[in-house]
Amino acid sequence: MPSDDQTTEALPFSDDAARWAAVLARDPAADAAFRYAVRSTGVFCRPTCPARRPLRVNVVFFAGAAEAEAAGFRPCRRCRPNGESPGEAMADRLAAACRLIETSIEAGEGAPELAALAQAAGLSPHHFHRVFKQALGVTPRAYGAAARASRLRQDLPSAASATQACYDAGFGSSGRFYAEAPAALGMTPGAYRNGGAGAEIRFAVGPCSLGEVLVAATEVGVCAILLGDDPDALVRDLERRFANARLIGADGAFETLVAKAVGLVERPAAPVELPLDIRGTAFQRRVWEALRAIPAGQTRSYGEVATGLGVPVAVRAVAGACAANPLAVAIPCHRVVRLGGGLSGYRWGIERKRALLQREADASRGGPPPNP
């Protein structure tokens, strides 16, 4: 079995050439990795500092602010390398705004207006809207809609009625609720409340080189790709998700989807050619899109994914989104590793994660595909 080092890319910023390249590119991922100092000025900075770039001959690198200060350098006043960066401060404001939206919806009050969110963040409405969308990939209004949909999914099964769940989730009217709910739930509110009663979900279980794979799909597309050793356990997992749905065994047409899913497991570097029914919160969908952008054969740490999303403090939230991913391989959460390249938890088992990464590494080197 290959080692962790064989299945992950080299640790970024591990030498001065890589660090200098990060300074020239003002790479946000480098801010958590090192600091650089300029001998001619006696100042040390973050790699993303907007100040004019120094000459390479005058630059020396340090692991962190304390090391730079111990060497006699003073912190830059622009990028504040020994404290919270402007980017981190903005990330804190946006995280607080997200919590405010979620808390308001949990209280049944609906999402706050843009002006109220901007005021709480200490920004103008226009500037707040711009930086929020830039960081999270969705507008504040779309984030509120996703949080409301999440509350609706949580409350519907136990609510006294669908209408009660509608108002508890912050929908202003039942008409708006019934217009928006099918898109958020993938079925009518009544069907979701009854555990999927009346909904049709086609599924099949097939063998692959990593054990068994279950593929399930709604009318929209594939909603689950689950890996395991026991076909019955995979089916029970699907039944728990949609306790009263009509689960339909595979027919000839559905076998094509199963074959494509098995093909992804055998060749995870191949393009995803499956129609997907991706459901999740706005942040989860943002994370999952970031995972799909990681090239096959490469990995990213949870911190790098969070930084790439513009929310470097959201490492735990990124890890949670990876754990909630219901579409193995199609959304490649196996490409996310610990800082330093070590393999971390994987919903379908560390050995499967190791094997998937090894297959992608082999494919990038032109090696043969595995035998199914």
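Our subject is the structure that appears above.
Predicted model, so just to flag it, every value in this text is computed and none were measured.

1. Describing the overall build of the chain
Okay, so step 1: When helices and strands are tallied, the chain shows 16 helices and 10 strands.
Okay, so step 2: Counting every position in the chain, which comprises 372 residues, the buried fraction comes to 46%.

2. Quick notes on the sheet that holds strand β5 (residues 200-208)
Working definition: the strands of a sheet are paired by backbone hydrogen bonds and lie parallel or antiparallel to each other.
Okay, so step 1: Taken in spatial order, the four strands line up as β7-β6-β5-β8 in an open sheet, and their pairing is mixed. In this open sheet, the two edge strands, each paired with only one partner strand, are β7 (222-228) and β8 (246-248). Averaged over all pairs of adjacent strands, the angle between strand axes in this sheet comes to 25°, irrespective of strand direction.
Okay, so step 2: In terms of strand pairing, β5 meets β8 through three bridges, oriented parallel. The partner of Ile-201 across the bridge, within β8, is Leu-247.
Okay, so step 3: Running over the sheet, helix α12 (residues 252-266) touches β5, β6 (211-217) and β7 and is turned about 45° from β5.

3. Describing the pattern of salt bridges
Okay, so step 1: Summed over all chains, the structure comprises six salt bridges.
Okay, so step 2: One salt bridge connects Asp-229 with Arg-352, and the closest N-O pair in it is separated by 2.6 Å. Of this pair, Asp-229 sits in the loop between β7 and α11 (231-241) while Arg-352 is found in helix α16 (residues 350-364), placing the two residues 123 residues apart along the sequence.

4. Section: the sheet that holds strand β3 (residues 59-62)
Okay, so step 1: Within the open sheet, the four strands sit side by side as β3-β1-β2-β4. Their pairing is mixed. Edge positions in the open sheet fall to β3 and β4 (74-75), since each of these has one partner strand only.
Okay, so step 2: Sheet topology note: the strand β1 (residues 35-38)/β3 ladder contains four bridges and is antiparallel. Bridging across to β3, Val-38 finds its partner in Val-59.
Okay, so step 3: Contacts from helix α2 (residues 16-25) reach β1 and β3 within the one sheet, and its direction differs from that of β3 by about 105°.

5. Observations concerning helix α5 (residues 114-121)
Okay, so step 1: Taken together, the buried positions of α5 are Leu-117, Ala-118 and Ala-121. All buried residues of α5 lie within an arc of 95° about the axis, which places them on one face of the element. Set apart from the buried face of α5 by more than 90 degrees, the exposed residues are Gln-119 and Ala-120.
Okay, so step 2: Remark: Gly-122 follows α5 within two positions and exhibits a positive phi of approximately 75°.

6. Examining the packing of aromatic side chains
Okay, so step 1: Inspection of the entire model under this criterion finds six aromatic pairs.
Okay, so step 2: On the basis of an interplanar angle of 50° and a centroid distance of 5.6 Å, the ring pair of Phe-128 and Phe-132 is categorised as tilted. With Phe-128 and Phe-132 both in helix α6 (residues 125-136) and four residues apart, the pair spans about one turn of that helix.
Okay, so step 3: Overall, the relative accessible area of 0% leaves Phe-128 in the buried class.
Okay, so step 4: Residue classification places Phe-132 among the buried positions, given a relative accessible area of 0%.
Okay, so step 5: When the ring of Tyr-346 is compared with that of Trp-348, the centres are 5.5 Å apart and the planes differ by 70°; the resulting orientation is edge-to-face.
Okay, so step 6: Owing to a relative accessible area of 9%, Tyr-346 belongs among the buried residues under this scheme.
Okay, so step 7: An aromatic cluster is built from Phe-13, Phe-34 and Phe-61, whose rings are joined through pairwise contacts.

7. Some points on the nonpolar core
Okay, so step 1: In terms of nonpolar packing, the biggest core is built from 53 residues, with Val-222, Ile-225, Leu-291 and Val-318 touching the most fellow members.
Okay, so step 2: Broken down by element, the residue count for this core peaks at seven residues, all from α12.

8. Some remarks on the environment of Ala-270
Okay, so step 1: Relative to the helices and strands, Ala-270 is located in the loop between α12 and α13 (282-292).
Okay, so step 2: Taking the relative accessible area as the measure of exposure, Ala-270 reaches 33% and is therefore partly exposed.
Okay, so step 3: C-alpha of Ala-270 to C-alpha of Ala-296: the two residues are 26 residues apart in sequence and 8.2 Å apart in space.

9. Regarding helix α15 (residues 315-323)
Okay, so step 1: Those residues of α15 that fall on the buried side of the exposure criterion are Val-318, Ala-321 and Cys-322. When α15 is viewed along its axis, its buried side chains cluster within an angular range of 100° and face the same direction.

10. Brief notes about the pairing of β5
Okay, so step 1: In terms of strand pairing, β5 meets β6 through seven bridges, oriented antiparallel. Residue pairing in the sheet places Gly-206 in a bridge with Val-213 of β6.
Okay, so step 2: Counting the residues in the hairpin turn of β5 and β6 gives two residues.

11. A word on unusual backbone geometry
Among all residues except glycine, the phi angle is most often negative; among peptide bonds, the trans geometry is most common.
Okay, so step 1: At Arg-26, a residue that is not glycine, the phi angle is positive and equals roughly 50°.
Okay, so step 2: You can see Arg-26 is positioned in the loop between α2 and β1.
Okay, so step 3: By relative accessible area, which is 27% here, Arg-26 ends up partly exposed.
Okay, so step 4: Positive phi, normally seen in glycine, also occurs at Arg-80, with a value near 45°.
Okay, so step 5: Considering the arrangement of structural elements, one finds Arg-80 in the loop between β4 and α4 (86-106).
Okay, so step 6: Judged by relative accessible area, Arg-80 falls into the partly exposed class, the value being 40%.

Reading the values: rules and limits
- By convention here, each chain's residues receive numbers from 1 onward along its written sequence.
- Residue-level local features of this predicted model are given only where pLDDT is at least 70; pairs of side-chain atoms are given and counted only at 80 or more, and the full residue set underlies all totals for whole chains, interfaces and linings.
- Excluding hydrogens and water, the side-chain values take into account all heavy atoms of the structure.
- Think of it this way: any DSSP run of H or I at least four residues long counts as a helix, any run of E at least two long counts as a strand, and we number them from the N terminus.
- Exposed residues in this analysis have more than 50% of their type's maximum accessible area, buried residues have under 20%, and partly exposed residues fall in between, with area computed by a 1.4 Å probe over protein chains only.
- Two strands qualify as a pair provided that DSSP identifies no fewer than 2 bridges between them.
- With axes taken as lines fitted to C-alpha atoms, and helix axes fitted only over the stretch in contact, angles between N-to-C directions fall between 0 and 180 degrees.
- Note on definitions: a residue-residue contact is assigned when non-hydrogen atoms from the two residues lie within 4.5 Å.
- By definition, a salt bridge exists where a carboxyl oxygen of Asp or Glu is found within 4 Å of a side-chain nitrogen of Lys or Arg.
- Along the arc lie the directions from the helix axis toward the C-beta atoms.
- Pairs were defined over the aromatic rings of Phe, Tyr and Trp, the Trp ring being its six-membered one, requiring ring centres within 6.5 Å. Orientation was assigned from the angle between planes: stacked under 30 degrees, edge-to-face over 60, tilted for the rest.
- Here the nonpolar core consists of buried residues drawn from Ala, Val, Leu, Ile, Met, Phe, Trp, Tyr and Cys, with membership extended through side-chain atoms lying within 4.5 Å.

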